[in-house]
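Examination of the molecular architecture
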Amino acid sequence: MVDNMPTNAENEDPFLRMRRLRSPERAQVSAKIAQLQSAYFGTERDNLLEAEIDILFDSHMEAEAAEGNRRVGRLREGRALTVTGASGAGKTRALDRIFMKREDLLGYGDKESDCPLVSVMAPSPCTPRLLGESILKALGYPVERKLEENVAWDLVHKTLALRRVKFLHIDELQHALQSRNPVEIGKVQDTLKGLLQDKYWPVWLILSGLPSAKTFLAKDIQVRRRTRHVVFHDLKFPDDIPLVRRLVTFYAKDKGGCGATIAQDNDLIGRLLHAANGSFGVVIELIQDAVGHALRSSETDLSSEHFAAAYAARTGCIRDNNVFVVASDWDLIDTSGLNGIEEPPPEDAPIGRSKAKSKKNKKA
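Residues numbered from 1 in each chain as written. Predicted model: local features only at pLDDT ≥ 70, side-chain atom pairs only at ≥ 80, totals over all residues. Heavy atoms only, no water.

Before going further, it helps to examine the pairing of strand β3 (residues 167-171). Looking along a regular strand, one sees side chains alternate from face to face of the sheet. For β3, the buried fraction is high: five of the five residues fall into the buried class. Residues of β3 alternate between two faces, with F167, H169 and D171 on one and L168 and I170 on the opposite face, all of them buried. In the sheet, strand β2 (residues 117-121) pairs with β3 via five bridges, with the strands oriented parallel. Counterpart to V118 in the pairing with β3 is L168. Here β3 pairs with strand β4 (residues 204-209) via four bridges, running parallel. Counterpart to I170 in the pairing with β4 is L207. (Buried < 20%, exposed > 50% of the residue type's maximum accessible area, 1.4 Å probe, protein only. Helix = DSSP H or I, 4+ residues; strand = E, 2+ residues; numbered from the N terminus. Pairing = 2+ DSSP bridges.)

Structure representation (structure tokens):
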């Protein structure tokens, strides 16, 4: 028995019990880390992405304004925007943040709202039927049994119109390309094209995912001409040293309350970019985790040892393979597995991306 256990402990919510048994010190650090992890660092690419969403929304309003003229020419059908980048580039979080803060998308994420945009993650595997059912569920349609493919998409078109949803965001679109059956891939492509070209309720698409998603609709020249693109590029050393310095300072000093003199260390920044394989989102996660280690150990200054601990916890590597620990040749350590395994390199490619970048990641 635990001392001072309430008499009704057996009926106590287990998560409330976890909170009650946590020490004040743990709770205080946990609150800081929660604030740290929720902080968003905006960059110029966020401004570019929001500008492209403005253009997409404006194209819809231009089409609506021309309704009396029976929508001729380019106004007749919907448009598409692709947002692509490597795994961990920060695409999904950037889009969610924009969707949540825009006043014209009030109620985003609430199936009961009148928000004109709905977001869905492409299922894996992404067959036309499963994608249709996923969209219906995101629209709040009660899918209680397996639907035939044609029935599912007929309902998608009708429910989009009934809910007055004009914008559909599909995340992780590369799942549709994982099929070994080109016929299935073609069906998904044609189905999305059908949403853009619906005679009575055309829909504007935002398609996000790995780089392959950029060309998903490109086989149709008409759709390709009505599609714009935003690419989240990898960070590079030494070009992005100033940005990474700002990131370390923002999360360590501004949000974590730790000293951030380590941000001036170009060697640390080179190691950080290599450890993250250049992915913007992974760089942020490693910084946040390093600051978390500093906070949990009650240390006031962020150091390379905190980054080493964060990297070890993330990869399970031994110290001899830790990018932040080894004295030399750290740029030869293969870090390609850190960002996920959705798109493995070709069999004839060099091991990881690290060796190709080794000369670029040397200390400035």
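Right, picking up where we left off after that structure.
Time to look at helix α7 (residues 182-196). What sets the pattern is the α-helix's 3.6 residues per turn: residues three or four places apart point alike. For α7, with 15 residues, the first-to-last C-alpha span of 21 Å sits near the 21 Å given by 1.5 Å per residue. Of all the positions in α7, only E184, I185, G186, V188, Q189, T191, L192, L195 and L196 are classed as buried. Its buried side turned inward, α7 meets β1 (80-85), α5 (128-138), α6 (149-162), β3, β4 and α8 (221-225). By the N-cap criterion, in which a side-chain oxygen at the helix start approaches the backbone nitrogen of a residue two or three places on, α7 is capped by N181, the distance to V183 being 2.9 Å. (Expected span 1.5 Å × (residues − 1). Contact = heavy atoms within 4.5 Å. Polar contact = N/O pair within 3.5 Å; in protein donor to acceptor, adjacent residues only side chain to side chain.)

The next point concerns the packing of aromatic side chains. Any aromatic ring pair is given by two values, namely how distant the centres are and how the planes are angled relative to each other. For the structure on display, the rule yields seven aromatic pairs. Each ring, one from F167 and one from W204, has its centre 6.4 Å from the other, and the planes form 55°; the classification is tilted. Of the two residues, F167 sits in strand β3 while W204 sits in strand β4, which places them 37 residues apart along the sequence. Here F167 falls in the buried class, since its relative accessible area comes to 5%. Taken together, the ring pairs connect F41, F250 and Y251 into an aromatic cluster. The cationic tip of R45 hangs over the ring face of F280; the distance from NZ or CZ to the ring centre is 4.0 Å. Taking NZ or CZ as reference, K166 lies 4.2 Å from the ring centre of W201, over its face. (Phe/Tyr/Trp six-rings, centres within 6.5 Å; stacked < 30°, edge-to-face > 60°. Lys NZ or Arg CZ within 6 Å of the ring centre and 35° of its normal.)

The subject of this paragraph is α6. In this model α6 runs 20 Å from its N-terminal to its C-terminal C-alpha over 14 residues, within 8% of the 20 Å that 1.5 Å per residue would give. Of the residues making up α6, those classed as buried are A152, W153, L155, V156, T159 and L160. Along the axis of α6, the buried positions cluster into a sector of 155°, meaning they face one direction only. Away from its buried face, by an angle of more than 90 degrees, α6 presents the exposed residues N150, K158 and L162. Structurally, α6 contributes buried residues whose contacts are with α5 and α7. Remark: R164 follows α6 within two positions and exhibits a positive phi of approximately 60°. (Arc of directions from axis to C-beta.)

Our next topic: the nonpolar core. One finds L247, Y251, L272, I287, L302 and F324 to be the most contacted residues of the largest nonpolar core, which totals 44 residues. Secondary structure elements with two or more residues in this core: α2 (24-38), α9 (241-255), α10 (266-275), α11 (280-296) and α12 (304-315). For this core, the element with the most residues is α11, which contributes ten residues. With residues up to four places along the chain from it excluded, the contact list for I287 reads L247, V248, Y251, L272 and F307. In this structure, C126, L160, L168 and L217 belong to the second largest nonpolar core, which totals 35 residues. (Core = buried A, V, L, I, M, F, W, Y, C linked by side-chain atoms within 4.5 Å.)

Below, the discussion takes up the sheet that holds β2. Taken in spatial order, the five strands line up as β2-β3-β4-β1-β5 in an open sheet, and their pairing is parallel. The open sheet is flanked by β2 and β5 (227-232), the only strands paired with a single partner. Neighbour to neighbour, the strand axes of the sheet diverge by 15° on average, direction disregarded. Here β1 pairs with β5 via six bridges, running parallel. What sits directly across from T84, in β5, is V231. (Axes fitted to C-alpha atoms, helices over the stretch in contact; angles between N-to-C directions.)

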